[in-house]
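# Structure at a glance
If you want the building blocks of each chain, they are given just below.
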Amino acid sequence: MPRATTEKFSRAHQPAPKKKESQASGSITNPIFNTARFGQHILKSTATAQKIVDAANLKPTDKVMEVGPGTGNLTVKILEKAKHVTAIEMDPRMAAEVIKRVQGTPEQRKLEVIIGDFVKADMPYFDVCISNTPYQISSPLVFRLLSHRPLFRVAILMFQREFALRLIARPGTALWSRLSANVQLYAKVDNIINVSRNDFRPPPQVESSVIRLVPLDPPPPVKFEEFDGMNRIIFSRPNKTVRGNFQAKGVMKMLEQNRSTWLSLQGMPVDDDKPISKIVDDVLAELGHTESRAAKMDIDDLLKYAPLF
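Calculation criteria
Residues numbered from 1 in each chain as written. Predicted model: local features only at pLDDT ≥ 70, side-chain atom pairs only at ≥ 80, totals over all residues. Heavy atoms only, no water. Helix = DSSP H or I, 4+ residues; strand = E, 2+ residues; numbered from the N terminus. Buried < 20%, exposed > 50% of the residue type's maximum accessible area, 1.4 Å probe, protein only. UniProt positions renumbered as here; feature names shortened; annotations may be inferred. Contact = heavy atoms within 4.5 Å. Core = buried A, V, L, I, M, F, W, Y, C linked by side-chain atoms within 4.5 Å. Domains from an automatic or database assignment.

When glycine is set aside, most residues are seen to have a negative phi, and most peptide bonds are trans. Cis geometry is adopted by the peptide bond preceding Pro 150, which originates at Arg 149 and carries an omega value of 5°. As for its placement among the helices and strands, Pro 150 is situated in the loop between α4 (138-147) and β6 (154-160). Of note, the amide linkage connecting Asp 217 to Pro 218 takes the cis form, showing an omega dihedral of 5°. Looking at the element boundaries, Pro 218 is found in the loop between β9 (208-215) and α7 (224-234). For Asn 57, which is not a glycine, the phi torsion comes out positive at approximately 50°. The class of Asn 57 is exposed, set by a relative accessible area of 56%.

It is worth spelling out the UniProt feature "binding site: S-adenosyl-L-methionine" (unreviewed entry) in the chain at this point. Per the UniProt record, "binding site: S-adenosyl-L-methionine" (unreviewed entry) is annotated on His 41, Leu 43, Gly 68, Glu 89, Asp 117 and Asn 132. With respect to the secondary-structure elements, His 41 resides in the segment before β1 (42-43). On the accessibility criterion, His 41 (21% relative accessible area) is partly exposed. Non-local contacts of His 41, meaning those with residues more than four positions away in its chain, are made with Asn 132, Phe 200, Arg 201, Pro 202, Pro 203 and Pro 204. Inspection of the secondary structure puts Glu 89 in strand β3 (residues 84-89). A relative accessible area of 0% places Glu 89 in the buried class.

Among the nonpolar cores identified, the biggest contains 50 residues, and Met 65, Leu 145, Phe 159, Leu 167, Leu 213, Ile 234 and Phe 246 are the most heavily contacted of them. Domain assignment of the residues forming this core places at least three in each of domain 1 (42-215) and domain 2 (224-308). Core analysis: the second largest hydrophobic core is formed by 29 residues, Ala 56, Ala 87, Ile 115 and Phe 200 among them.

What follows is the structure in C-alpha cells.
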C-alpha cells in the first residue's frame, strides 16, 4: 500500500485565505482552516473530548493512532495518558497547529504527526485508535481498522449519527444493512456517547455519535471479500427474498462467469447440464432459507451461507 507523504514544514502558518464576498456570515466554513475541504469539523467541547479519551481506558503503555486530529483538542488529552501518539492529518496547517501545541513540553517527544491521506497511509502499530472521523472516510476507516493486523484492543470513533446507528443496527430493524453485518462479523460495536452539533466548530448539519469498536479475537475464519460479495447480493433488496435477489438476471450472469472461471483455474470441466440457477436453488433449499429476507437474517444465518456459496 502506498505510504503517505510526510512533509517538513515551519512553525509559521500559511495566511488564512481571504473570505469570498459570496460567503455569508452563517457559512459553515472554518474561519482559520478550510475544514470543509476535508469534511472535518473541529471538536471544541473540552468536556466531550475528555469523555472520548476516558472511554478508551488508556494505559501508560498504550500506543495510540489518532485519525483526523484537527487542531489537537483531543490529541493533547490523549498525550496526558498514553505512551505515544501517531496522528494522521490531511491538512498540513492543522498538522502544524497540533505540533505547535506541544512544542517545548514533555509531550512533544511522545507525538508523531503524519501528513497524508489515512486511506493510503501505512498504519503504525497501535493499541488504541481514536478518531473524530472526517465524514468521507467513515467506511474506509472502519474496514481498514478491521483488516489491520496485529489486532488492536479498542477503537473509539466519532461519526455522523446515522452512520453510527447503521454500525450498531440489529437484524429486523430499519437500519440493519450490509454495513451492519460486515462490521459485526468482525467486531463488537456499541454506541457510547451522543454528541451535539454545537460541540463543533463549524457546527455540522447533523448530530454525531461516538462508538466503541472491539475486534473479535480470534477473528472468524471467513474471507472478508467473499462474505462482502455475498452480502452485496443478499442485501441488494433487503426486504425481498434471498432467492429473489440471487435469481436476478445480472446476478446469475455474474455467478455463472465466476463459476466458469473458478472451474477453469481448477482444471475442472464446466457442467453445462446443471445451470447456476439450479445450483443456487439447491443451496438455498439445503439451508432452509429460500424464503428468508436479509432484513431479518442475523450473522449466524449469513455465516451458514458463506462456505456453500
